[in-house]
Amino acid sequence: MSIKIALAGNPNCGKTTLFNGLTGSNQFVGNWPGVTVEKKEGTARLGDKTLTIVDLPGIYSLSPYSMEEIVARDFIIGEAPDCIIDIVDATNLERNLYLTVQLLELERPTVLALNFMDEVEARGDSIDVERLSRQLGVPVVPITAKTGQGLDELLQAAHRQMHLGCTFEPDDLYDSFTHDIHHRMGELLHDYAYAAGLPAHWASIKLLEGDKLVEQALGLDEETRWKVDSIAKRYEEAYSLGDRETLIADARYRFIQKVVQIGVQRGQPHDALTLSDK
């Protein structure tokens, strides 16, 4: 049986270096069907197993603002890789974890690869990998992609996660009112999501955000669309922050701040001058 692993991450997180480290010269480069976005595939070995590694485009989120984001999420949902390796820049956790949270909302088997750990240590910071893992509900593996450190452990964790799935609870992201609104949305959309082959929880969040592509994919009838819009309007009216997309983004960032507070110990203030700066 072929095992397929997807690499996801922000631009400049070291994903290409990781892909090269995992696959070596066993790479194939082309384009994703119908678009000019580059597609890279390769193979890696784990004992007697051959793994297909798919390098997804570098993206900051799964919102449909660019072709790269659409390609990445269509692959994850449509192709259903056995595991996602989400590579993050450990020196910029807050920014990188926004994509992580969106990947976890898909409730797919996922492993977090903490890259640039050598730089984290060099500036005196420390990341409690176990705490981070408990908060996110997925394995967290520290790596240094440029030296190959931690790559075997990363593949082993991905292989284990294929069979264990994701224990992240998406409802942990939101306050009680947002949770209630999301639950109401989910009741409306469950059957539509099942018919469209979309994760019901994720589809509900995306419609609450106002994602037009997901709405089209669900094929809602007019009455259901009206009910969805009514729920979303009630959600917006309950807060003063603005539109519903902003509200969901704010909830994600508040969750990320909590995760980072628990999992990261700063060695020095981030605005402190390093020896190089001086």
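Use the structure listed above.
Before going into details, it helps to say that this report is about the structure given with it.

### With respect to the pairing of strand β4 (residues 49–55)
Most of β4 sits inside the fold, with five of its seven residues counted as buried. Looking at chain direction, strand β1 (residues 3–9) and β4 are connected through five bridges and run parallel. Across the sheet, residue A6 finds its bridge partner in β4, namely V54. Pairing geometry for strand β3 (residues 38–46) and β4, over seven bridges, is antiparallel. Across the sheet, T43 pairs through a bridge with T52, a residue of β4.

### Looking at helix α3 (residues 93–105)
Taking 1.5 Å per residue as the helical rise, α3 with its 13 residues ought to reach 18 Å, and the 18 Å between its terminal C-alpha atoms agrees with that figure. With 11 of 13 residues buried, α3 is to be regarded as a mostly interior element. Those residues of α3 lying buried are L93, N96, L97, Y98, L99, T100, V101, Q102, L103, L104 and E105. Positive backbone phi, at 55°, marks E107, one or two positions downstream of α3.

### Some words on unusual backbone geometry
Its identity is not glycine, yet N12 carries a phi of approximately 65°, on the positive side. For N12, the location among the structural elements is in the loop between β1 and α1 (15–23). On the basis of relative accessible area, N12 is assigned to the exposed category, the value being 70%. In this model, E107 sits at a positive phi of 55°, which is unusual for a non-glycine residue. Relative to the helices and strands, E107 is located in the loop between α3 and β6 (110–115). Relative accessible area serves as the criterion here: at 40%, E107 is assigned to the partly exposed category.

### Brief notes about helix α7 (residues 176–196)
The periodicity of an α-helix, 3.6 residues per turn, causes residues three or four places apart in sequence to face the same way. Across its 21 residues, α7 extends 28 Å between first and last C-alpha, which sits within 8% of the 30 Å expected from 1.5 Å per residue. At L189, α7 shows its largest kink, close to 55°. Within the sequence span of α7, burial applies to T178, I181, H182, M185, G186, L189 and A193. Buried residues along α7 sit in contact with α8 (200–209), α9 (212–218), α10 (222–237) and α11 (244–263). N-cap assignment for α7: the residue whose side-chain oxygen lies 3.2 Å from the backbone N of F177 is D175. G197 sits one or two residues past α7 and shows a positive phi near 75°.

### Observations concerning the packing of aromatic side chains
In the structure shown here, the tally under the stated rule is five aromatic pairs. Where F177 meets Y239, the ring centres are 5.9 Å apart and the plane angle is 55°; that geometry is what we call tilted. Here Y239 lies in the loop between α10 and α11 and F177 lies in helix α7, a separation of 62 residues in the sequence. Residue classification places Y239 among the partly exposed residues on the basis of a relative accessible area of 27%.

### Brief notes about the environment of F19
Here F19 lies in helix α1. We classify F19 as buried; its relative accessible area is 0%. Distance in space between the C-alpha atoms of F19 and Y98 is 21 Å, their sequence separation being 79 residues. What F19 contacts, discounting residues up to four positions off in sequence, is L7, G24, Q27, K40, E41, G42, I53 and D55.

### Observations regarding the nonpolar core
Counting 64 residues, the largest nonpolar core has L56, L114, I127, L136 and L218 as the members making the most contacts within it. When residues of this core are assigned to their parent elements, the largest contribution, eight residues, is made by α11. Not counting chain neighbours up to four residues away, the residues in contact with L136 comprise L97, L104, L112, F168, F255 and V259. Residues I3, L22, V141 and A145 belong to the second largest nonpolar core, which totals 25 residues.

### What about the sheet that holds β4?
One open sheet holds the seven strands; their spatial order is β2-β3-β4-β1-β5-β6-β8, and the pairing between them is mixed. Edge positions in the sheet fall to β2 (27–31) and β8 (140–142), since each has one partner strand and no second. Strand-to-strand twist of the sheet, defined as the mean angle between neighbouring strand axes without regard to direction, takes the value 25°. Set on the sheet, α3 makes contact with β1, β5 (83–89) and β6; between it and β5 the angle comes to about 165°.

Rules used throughout
- Residues numbered from 1 in each chain as written.
- Predicted model: local features only at pLDDT ≥ 70, side-chain atom pairs only at ≥ 80, totals over all residues.
- Heavy atoms only, no water.
- Buried < 20%, exposed > 50% of the residue type's maximum accessible area, 1.4 Å probe, protein only.
- Helix = DSSP H or I, 4+ residues; strand = E, 2+ residues; numbered from the N terminus.
- Pairing = 2+ DSSP bridges.
- Expected span 1.5 Å × (residues − 1).
- Bend = angle between axes of the 7 residues up to and from the residue.
- Contact = heavy atoms within 4.5 Å.
- Polar contact = N/O pair within 3.5 Å; in protein donor to acceptor, adjacent residues only side chain to side chain.
- Phe/Tyr/Trp six-rings, centres within 6.5 Å; stacked < 30°, edge-to-face > 60°.
- Core = buried A, V, L, I, M, F, W, Y, C linked by side-chain atoms within 4.5 Å.
- Axes fitted to C-alpha atoms, helices over the stretch in contact; angles between N-to-C directions.

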